[in-house]
Amino acid sequence: MTSVMTPPSVKTPADYIESVMVSVKAKNPAEPEFHQAVQEVFESLRLVLAKHPEYQSSKLLERIVEPERVLMFRVPWFDDQGNIQINRGFRIEMNSAIGPYKGGLRFHPSVNLGILKFLAFEQVFKNSLTTLPMGGGKGGSDFDPKGKSDNEVMRFCQSFMTELQRHIGPDTDVPAGDIGVGGREIGYLFGQYKRLRNEFTGVLTGKGLGWGGSLIRPEATGYGCVYFANEMLKSKKQTLEGKICLVSGSGNVSQYTIEKLLDFGAKPVAVSDSNGVIYDPDGIDRDKLAFVMELKNVKRGRIRDYADKFKKAIFMPTDVKLDHNPLWNVKADCAFPSATQNEITAKDAANLLKNGVKLVAEGANMPSTLEATKMFLDAKILYGPAKAANAGGVATSGLEMAQNSARLSWTREEVDDRLHKIMIAIHQNCYETAEKYGTPGNLVNGANIGGFLKVANAMLDQGLV
Ligand code: NDP
């Protein structure tokens, strides 16, 4: 019922959010991941709209869910047999209120418009939290680099960039890596951009060290996530020392999460890929991590090989008939989901809680379903949502942009120190914002509100654009 204080034409914050959510679903059909990401942010914004009616009267929610620009294009290329292949390319330029669009490129067969819109939407708030001046964007293709030769990957990247280059630039839109896009792909993309535009600029981040890349960028998302987890534990006067940790995935984020966990004296015991899970009760030490890195980054092999090499480890193949992921059913203290979206369902969350997990720090983007997120919040465990916990990657991309603009490169120690301080600042912002809005300890609210306010105020300052 509308309160007596509210004129009939003005909706309550709850009704306003509900009506925008209805329109988001109607205008963006068949994009469940996008709806999910918007819903999660909107839930937190109830608390903000009650204090700030100006966001409602200026239709800020309707504006912030509408991408500034969506690009979708054909990517034709020849495979090694001379056959014609066609993929679809995308770039979502979501919001540039606080800086040039910034966000990764994902090459994975599951990529579609809705997934990239969810990622671009998340990126807006994440980039805002980093303290650096970066807007939000995301892009990619349904191209699958798995099983392709280097030459095929190169031809695909060149074709992809031939179209993308007309839309991006060091002051406009600066893509980076994500799933399926690592150093190799960034190299091919950068080479083609440079050739077509005849300019050497910092148009991509995650570049090679010899040609404009930043030290610590490959490590940054994983390191940053562990720095964030450390801050969460510190708020409870605890440390990572001796904690048993589950890490999903075995790509970029997972590898450097494990490396930093070892630095902090924790014991990582699990990794995975799309074919299955490795559980190693003895712990993944530095030698075993080196094996994983060689297997994944050089040989481009499958994680099951780990169990052939290290006999005490158990391999559990992916079973689509199973109603849960066995990785999240191992007894542990902390969980670091670092593979992909919605990899922790309600059932997985129940298993994690049952097995005594007291901390979840999200390296992947939106790895927990809305139900799982709610269960973590209700259980009042330490829960670091992706847009805060994994912001170290894009923050270090921002540091790469700063070094490129200054035509300088900083030392490993300097970049790592800045990354560490940024993660401390993000945690502090989330922690204090959660308290200020009456939900102490709820870092989901802290991250959503903290990220939103800066972007929303910039949008108001800049008029109706
Ligand atoms: P990588 O491609 O390096 O690694 C991805 C890992 O996750 C692989 O082990 C992959 O297994 C697994 N994986 C991917 N998709 C699925 C799936 N549908 N089901 C099961 N396993 C899957 O990617 P990143 O490490 O860069 O990215 C991982 C996550 O972190 C993503 O959510 C990404 O958006 C997020 N992220 C990454 C950042 C970065 O800087 N790279 C920054 C912030 C967030 P397989 O090889 O079998 O596909």
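About the criteria used
Residues numbered from 1 in each chain as written. Predicted model: local features only at pLDDT ≥ 70, side-chain atom pairs only at ≥ 80, totals over all residues. Heavy atoms only, no water. Domains from an automatic or database assignment. Contact = heavy atoms within 4.5 Å. Buried area = accessible area lost by both parts, 1.4 Å probe. Salt bridge = Lys/Arg side-chain N within 4 Å of Asp/Glu carboxyl O. Polar contact = N/O pair within 3.5 Å; in protein donor to acceptor, adjacent residues only side chain to side chain. Nonpolar A, V, L, I, M, F, W, Y, C, P; charged D, E, K, R; others polar. Phe/Tyr/Trp six-rings, centres within 6.5 Å; stacked < 30°, edge-to-face > 60°. Helix = DSSP H or I, 4+ residues; strand = E, 2+ residues; numbered from the N terminus. Buried < 20%, exposed > 50% of the residue type's maximum accessible area, 1.4 Å probe, protein only. Expected span 1.5 Å × (residues − 1). Arc of directions from axis to C-beta. Pairing = 2+ DSSP bridges. Right-handed = clockwise from strand over helix to strand, strands pointing away. Axes fitted to C-alpha atoms, helices over the stretch in contact; angles between N-to-C directions. Near = heavy atom within 4 Å. Areas by Shrake-Rupley, 256 points an atom, 1.4 Å probe, with all protein chains shown as cover.

## Topic: the domain arrangement of the protein
Size of an interface: often given as the accessible area lost when the parts come together. Along its sequence, the protein is carved into domain 1 (13-64), domain 2 (69-206) and domain 3 (220-389). Between the C-alpha centres of domain 1 and domain 3 there is a distance of 31 Å. If you look at the interface, domain 1 gives six residues, while domain 3 gives six residues. Summed over both sides, the interface between domain 1 and domain 3 buries roughly 560 Å², with carbon and sulfur atoms accounting for 61% of that surface. By the criterion of area lost to domain 3, the three top residues of domain 1 are Glu33, Gln36 and Glu40, representing 80% of everything that side buries. The tally of links from domain 1 across to domain 3 stands at one salt bridge. A salt bridge links Glu40 to Lys387, with the nearest nitrogen and oxygen atoms 3.2 Å apart. Where domain 1 packs against domain 3, one counts two residue pairs in polar contact (both at pLDDT 80 or more). Partitioned by chemical class, the residues of the side of domain 1 that touches domain 3 number two nonpolar, two polar and two charged.

## Side note on the packing of aromatic side chains
Taken as a whole and judged by the stated rule, the model has 20 aromatic pairs. Ring geometry for Phe107 and Phe156: centres 5.1 Å apart, planes at 90 degrees, overall edge-to-face. Placement of the pair is Phe107 in strand E3 (residues 101-107) and Phe156 in helix H6 (residues 150-164), with a sequence separation of 49 residues. The same class applies to Phe107 as to Phe156, namely buried. Ring geometry for Tyr227 versus Phe264: centroids 6.3 Å apart, planes at 75 degrees, classification edge-to-face. Taken as a pair, Tyr227 in helix H8 (residues 220-234) and Phe264 in the loop between helix H9 (252-263) and strand E7 (267-273) lie far apart in primary sequence, 37 residues in all. Look at Tyr227 and you get buried, because its relative accessible area is 3%.

## A few points about helix H1 (residues 13-27)
Because the α-helix completes a turn every 3.6 residues, residues three or four places apart line up on one side. With 15 residues, H1 extends 21 Å between its outermost C-alpha atoms, agreeing within 8% with the 21 Å of an ideal straight helix rising 1.5 Å per residue. Along H1, the positions that sit buried rather than exposed are Tyr16, Ile17, Val20, Met21 and Val24. The buried residues of H1 occupy an angular sector of 130 degrees when projected down its axis, which confines them to one face. Tucked inside the fold, the buried residues of H1 contact helix H2 (32-51), helix H3 (53-57) and helix H4 (60-64).

## Quick notes on the pairing of strand E4 (residues 136-141)
Counted residue by residue, E4 has six buried out of six residues, so it is predominantly covered. Alternating residues of E4 divide into Gly136, Lys138 and Gly140 and Gly137, Gly139 and Ser141, and every residue in both groups is buried. In the sheet, strand E2 (residues 84-95) pairs with E4 via six bridges, with the strands oriented antiparallel. Counterpart to Phe90 in the pairing with E4 is Gly140. Of the strand pairs in this sheet, E3 and E4 are connected by three bridges, and their pairing is parallel. Counterpart to Leu105 in the pairing with E4 is Gly139. For the segment spanning E3, helix H5 (residues 113-129) and E4, crossover handedness is right-handed.

## Topic: the sheet that holds strand E11 (residues 359-361)
Reading across the sheet, the seven strands line up as E9-E8-E7-E6-E10-E11-E12 and stay open at both edges, with mixed pairing between neighbours. Looking at which strands have only one partner, the edges of the open sheet turn out to be strand E9 (314-317) and strand E12 (382-384). Neighbouring strand axes in the sheet, compared pairwise and without regard to direction, differ in orientation by 15 degrees on average. When strand E8 (residues 276-279) meets E9, the two strands line up antiparallel, connected through four bridges. Bridging across to E9, Gly276 finds its partner in Pro317. Sheet strands in contact with H9 are strand E6 (244-247), E7 and strand E10 (334-336), and its direction is about 170 degrees off that of E6.

## Concerning the site of the ligand
Lining the immediate environment of the ligand, one finds 24 residues, of which Asp178, Thr221, Ser274, Arg302 and Asn365 sit closest. Residue Arg106 places a side-chain N or O atom 2.9 Å away from an oxygen atom belonging to the ligand. About the coverage of the ligand: the protein hides 83% of its 890 Å² of free accessible area. Within the residue set of the shell around the ligand, elements represented by two or more residues are H9 and E7. The class makeup of the residues in the shell around the ligand is four nonpolar, 14 polar and six charged.

## A few points about the pattern of salt bridges
Scanning the entire structure with this criterion turns up 26 salt bridges. For Lys207, the salt bridge identified is with Glu400, shortest N-O distance 2.8 Å. Here Lys207 is found in the loop between helix H7 (183-197) and H8, whereas its partner Glu400 is found in helix H15 (residues 392-406), with 193 residues between them in sequence. In this pair, the class of Lys207 matches that of Glu400, namely buried. The shortest N-O distance in the salt bridge between Lys347 and Asp323 comes to 3.9 Å. Taken together, the positions of Lys347 in helix H12 (residues 346-354) and Asp323 in the loop between E9 and E10 put the pair 24 residues apart, joining distant regions of the chain. Here the salt bridges share partners, and the residues they tie into one network are Glu40, Glu122 and Lys387.

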